[in-house]
Every structure is written in C-alpha cells, then in structure tokens.
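# A structural walkthrough
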Amino acid sequence: MPESMLRFENVTVRFDQLEALKDVSFELKEGETRIVMGAAGSGKTVLLKTAIGLDCASSGKISLFDQEIQGKAERDLFDLRQRVGVLFQEGALFDSMNVERNVGYPLLTRRDVKGSGKKAAKVDMAATHARIQEALDFVELGQTLKLMPAELSGGMRRRAAIARAVATKPPLLLYDSPTAGLDPITAYTIMALIIKERDVDNTTAMVVTYRYQDGNLVANFRYNPEDGQLVPDEKAAAKTIFMVLKEGRLIFEGVQEKLESSTDEYVKKFVKRD
Amino acid sequence: MLDYFKGPVQGLQDFTTLAGQAIGNIWRRPHYWDDILIQMDTIGVGSLTIAVFTGFFSGIVMALQMGRALGQYGQTERTGEVVSIILVRELGPVLTALMIAGRNSSGMASELGSMKVTEQIDAMRALGIDPIQKLVTPRMIATAIMLPCLTVIADFIGMVGGYVVSALVYHLRAHQYWTTTWQALEWSDVVQGLLKPFIFSFAVSLVGCYYGLNTTGGTQGVGKATTQAMVTASMWIFVLTAIITKIFVSST
C-alpha cells in the first residue's frame, strides 16, 4: 500500500475577500506524479504553497507525510519542509550567491535534531561538495559552479534551481510552472529532467503547469539511462494523475485517458490533441 | 470609520511581531555570524564616508553660526563648548541616523523587497530557514553595533570641523577650543549620545526590513517599499529623539 505523501481535505484558502482555493480535496501517494493544470489565477501556485505551509489554509485539513501542518508554528514546519524539494516559478535562486552556494545551501543548513533549530553539528565539506557537483551534473550544469544567477540564461536558472531542489534527495518534489516563459526546446529539456528525477530517484512529484504537453510527456515517457533520452512508456500513465483547477475549485481529477475524454468545456480547453 | 484604522493597527501589530521575533532570535540558534559581519561591513564601513561628511560639515556650520552669535556677547571662545554639546547630544546622533536611514533602511527594503517579489523569501522558508533569523536579525544586530560607532566618528569629525572654522574664522587657539570642547561634556551627554543611536538603529533596521518583507506588486512595489522605509524610519528618528531628550532633560 503506497504511503500518503500529501493529503488535502476540504481545504479553503482565503486572502481577505478573495477565495484562492475552494474546498479542495485530494491525496498524493508515494510514487505518483500529479499534474495540476488551470488558467492563470486559478489557484495552482497557492495550492503548492499551501501544501508546505507557505500559505495558510483558512479551513480544512492538510497532511504532509501524514503529519497535519495547519496550525503549526513556522519553526515546527522547517523539518518537514526539508523533506520537500520545491522549484519556484522563476527558479528563485539567491541573487547574492553563486550557483555552487545556491545548490549547496539546503545541504549546509540542514538540521540534525528534529525541531531543535540546530544546524547539523558537523558538515562533511568533501561530501557536500561532491553532492553539489553531482546535483549540477544531473542537470548538465557541472561547469557553472562559480557563476552568479544573473550570468545564467532563463533555462539554466531553472535547471540550477532543480539542482537545488533535488540536492538533499527529498522524497517529494513540487514544481511550480517549470516551463513557463521558456522556448519549446528548453521546456522539453526541463521536463526531461523532471522525468529523469522521477525515474532515477523514484520521487513523488506535483507539477503545476498550464501546458498540456508537459503532462503528456510525464504520462507517456520514461528516462532511459542507457542513452540519456526519453522513451515511450505505457506504465507511466497509471502513475500520472491530472488535476484541473478552475477559479480555486478542483473540477477534474484522473488519469490522462479520462482527461482526454472529458466533456467539460473548461477541461477540454487544456487538452490539445495534436 | 473602523476600517480606516484597520490598516495602521494591523501594520503596527505586524511590525511589533517582526521586532519581537528579530530580538528573540538573538538568543536562539542558529546564529548567522557571517551575515552579521557582512552587514556590519555594508552598514558600518560602507557608510563611513557619508557619516564623516555629515559630521564635518555640520560641525563647520554649527561653529560658523554659534561663533557669530556668541561673538555678540563677547563669548566667541566658548564656540567649542556649544559645538560639542549640540553635536554629542543631538545633531550627531540624529543627522547620522538620518543619513544611515537614507542609505540603509531603503537599501534593506529594496534588497528584501526584491527577494520577496522573486520568491527568494519563500524559497528560503521552503528550505527550512527562518527568513527573520537569516535576514532581519543580522541586519538589526549589525546596525545596533555600527550606528553608535558611526555617531562617535561623526561627533569627533564634527568637532574637528568646528575647530577648523574656529581657528580660521574666529582665530581661536587649538588649546582654547579643545579644552572648552572637552570640559563641556558630562557623562550624561555621552550616555545620551550613545543611547540615541543605539535606539535609532532598531528603527533604521527593523523599518527597512519590515517594508522589504511586506513588499507586494512586483518592481513597482519594491520602489514604493524603499521610499516608505526611508520616510518612516526618518520620522521615527525624530519622534524617538524627542522622547529620549525629554527623558534626559527631566532627569538632569
């Protein structure tokens, strides 16, 4: 029985008068990849941020790794958050640090005692450096250690941010619009990295996107370690669940086949049959 | 009517919470010593020129004005006394703090504001790091250490400026100027002159960080936060100096 990684039960998120999420319920299980689609302002980013307590739910229940997070103080969430890798929309690399320090940041600031607020007593610098190099090699940016984020292209920034997100090998990864604003070739590269991470480290993931092509890749391809390319895989579809948000409400949840056969006009707009 | 006060009351509550957390973090691990040192360099060493410039010219202007006014009563030789008292008690702390607010409150607001709108603050929280501990507390500690130091330097340079004017314009001898300057100061003046910048430092750093962390609305919001931080910190400096001066005047 797969373990529950993230569970939303009737979650509503309200900002003043605006309801960003309305009565949303779903469960993300170990090994699954969820593709969250929706128009701009439909609550996709809020959903991701609420999942790790960056935004607070006004009502409902959220469980991360089977631990309820609402009502917990910020400090009490730090240990849980360290088990989640997050890719923010524009990468959110720290401007003042070079790529090496950005990727190494989660490794160097890891806590060793739950809830104690203490940093790891001893950081093995050689192991840390090796892991930074490994994470950057994974996203094919191994030569950019000393570059500053401002010196990277949009796609490279996104890849460096993926390296930071996976540096600690977290079991759960959240990607917020990983391909937004990128050209088709770079967008494919980013999605290929997300699939590679899923298949190499067996991670559970949630990918927020407005591009159906992104979900289509995740649901139909796997990473082939022999040639480093994506190859068709029929098994991937069963572990890829699509979710569609409309004005904060979850209006669809299901596998790709069900999504493509949906008669809902809003859902149909997101599904392109090339 | 109640809605009109809702915003300011909410703002005051948020600011108080931020200040409480930033101060509480002084006794809480982890401590980001490298960030404190970097901020001390940025705020202290980086603002040295501006503090020296402010102190020197305020000393010159003060000596020019006071020398002429005292000359009417035949007391020109007491110029150093007046310059030192006004500089140490009031103008040194206030002018230095205003310059540092202009340079650093706005700098903190724009830096943290940019981090906020580009989701770097959220990224920090997602990595399990408290942004207040990592960003606000080091800036607060660094300002609390460096602002009194800068004020002492500005005070001394101001006295040097006063001496330049006294020697060149009013032909006072060095011994005459520096003796009255030194003897005019009492311990309460020194305490007041150091306590003020220490208290102002919290307004300078916390106001800058508060506006930075509450930035909304993209790059336009960063510009707005920067201006608001500088204006609010400057206003707080005037309010605080009035309160502290009243306390010292009443007690001496």
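So, here's what we can say about the structure. Here, residues in each chain are numbered from 1, in the same order as that chain's written sequence. Chains carry letters from A onward and ligands carry numbers from 1 onward, assigned in written order. The predicted origin of the model limits local features to residues at a pLDDT of at least 70 and limits the giving and counting of side-chain atom pairs to 80 or more, whereas totals for whole chains, interfaces and linings rest on all residues. In computing side-chain values, all of the structure's heavy atoms are included and hydrogens and water are not.

Once that is clear, we can look at the pattern of salt bridges. Opposite charge on two side chains makes pairing possible when the charged atoms of those side chains draw close. Salt-bridge detection follows one rule: a side-chain nitrogen of Lys or Arg within 4 Å of a carboxyl oxygen of Asp or Glu. Under the counting rule described, the total for this entry stands at 24 salt bridges over all chains. Of the charged contacts in the structure, one is a salt bridge between A:Arg7 and A:Glu27, with a shortest N-O distance of 3.3 Å. Note that A:Arg7 is positioned in strand β1 (residues 4-15) and A:Glu27 in strand β2 (residues 18-29), a separation of 20 residues in sequence. Throughout, exposure labels follow a simple rule: accessible area from a 1.4 Å probe, protein chains only, divided by the maximum for the residue type, with under 20% read as buried, over 50% as exposed, and the rest as partly exposed. Judged by its relative accessible area of 26%, A:Glu27 falls in the partly exposed class. Residue A:Glu74 is joined to B:Arg125 by a salt bridge in which the shortest nitrogen-to-oxygen separation is 2.7 Å. Taken together, the residues span two chains, with A:Glu74 in helix α2 (residues 74-81) and B:Arg125 in helix α5 (residues 120-126). What you see here is one network of salt bridges that share partners, running through A:Lys49, A:Glu74, A:Arg81, B:Glu119, B:Asp122 and B:Arg125. Here a strand is any run of E in DSSP of at least two residues, a helix any run of H or I of at least four, and the numbering for each starts at the N terminus.

Each aromatic ring pair is specified by the distance between its two centres and by the angle formed by the two planes. Between rings of Phe, Tyr and Trp, where Trp is taken as its six-membered ring, a pair exists when centres lie within 6.5 Å; planes separated by under 30 degrees are stacked, by over 60 edge-to-face, and by other angles tilted. Evaluated as defined, the whole model comprises 14 aromatic pairs over all chains. Seen in terms of ring centroids, A:Phe8 and A:Phe26 are 4.8 Å apart; in terms of plane orientation they differ by 25 degrees. Their pairing is stacked. One end of the pair, A:Phe8, is in strand β1; the other, A:Phe26, is in strand β2, and 18 residues separate them in sequence. A relative accessible area of 1% places A:Phe8 in the buried class. A relative accessible area of 4% places A:Phe26 in the buried class. The interplanar angle of 65 degrees and the centroid separation of 5.2 Å between the aromatic rings of A:Phe94 and A:Tyr105 together place this pair among those described as edge-to-face. In this pair, A:Phe94 is assigned in the loop between β6 (84-87) and α3 (99-108) and A:Tyr105 in helix α3, connecting sequence segments eleven residues apart. Judged by relative accessible area, A:Tyr105 falls into the buried class, the value being 6%. Each residue in the set B:Phe156, B:Tyr163, B:Tyr177 and B:Trp178 is aromatic and connected to the rest through ring pairs, giving one cluster. Both a distance and an angle decide whether a charge sits over a ring: NZ of Lys or CZ of Arg must be within 6 Å of the ring centre and within 35 degrees of the ring normal. Here the guanidinium or amino end of A:Arg83 rests over the ring plane of A:Phe65, the centre of that ring lying 4.1 Å away. Taking the ring centre of A:Phe94 as reference, the NZ or CZ of A:Arg164 above it sits at 4.8 Å.

Residues and elements named next belong to chain A. In terms of nonpolar packing, the biggest core is built from 83 residues, with Leu6, Phe8, Phe26, Leu47, Leu64, Leu174 and Met206 touching the most fellow members. A contact between two residues is defined here by any heavy atoms of the two lying within 4.5 Å. Among residues more than four places away in sequence, those in contact with phenylalanine 26 are Leu6, Arg7, Phe8, Arg34, Leu47, Met206, Met243, Leu250 and Glu253. In terms of nonpolar packing, the next biggest core, distinct from the first, is built from 48 residues, Ala167, Ala192, Ala205 and Tyr223 among them. In these notes, a set of buried Ala, Val, Leu, Ile, Met, Phe, Trp, Tyr and Cys residues joined through side-chain atoms within 4.5 Å is what counts as a nonpolar core.

With 20 residues of chain B in contact, the opposing surface of chain A contributes 28 residues. Note on terms: buried area is the combined drop in 1.4 Å-probe accessible area of two parts once they are placed together, counting the loss on both. With both sides pooled, the region where chain B packs onto chain A buries about 2,000 Å², and carbon together with sulfur makes up 53% of that total. It is B:Glu119, B:Arg125 and B:Leu127 in chain B that bury the most area against chain A; as a group they hold 30% of the surface buried on that side. Our enumeration of links across chain B and chain A arrives at four salt bridges. As a salt-bridge pair, B:Glu119 and A:Lys49 come within 3.0 Å of each other at their nearest N and O atoms. Nitrogen and oxygen atoms within 3.5 Å of one another constitute a polar contact, given that in protein one can donate a hydrogen and the other can accept it, and given that sequence-neighbouring residues count only through two side-chain atoms. Our count for the chain B to chain A interface comes out at eleven residue pairs in polar contact (both at pLDDT 80 or more). Mapped onto the side of chain B that touches chain A, the elements with two or more residues apiece are α5 and α6 (131-168) of chain B. No other element matches α5(B), which puts six residues into the side of chain B that touches chain A. Ten residue types, Ala, Val, Leu, Ile, Met, Phe, Trp, Tyr, Cys and Pro, are classed as nonpolar, four, Asp, Glu, Lys and Arg, as charged, and the remainder, Gly among them, as polar. Considered class by class, the residues forming the side of chain B that touches chain A number eight nonpolar, five polar and seven charged.

Any functional reading would require information beyond the geometric quantities listed.
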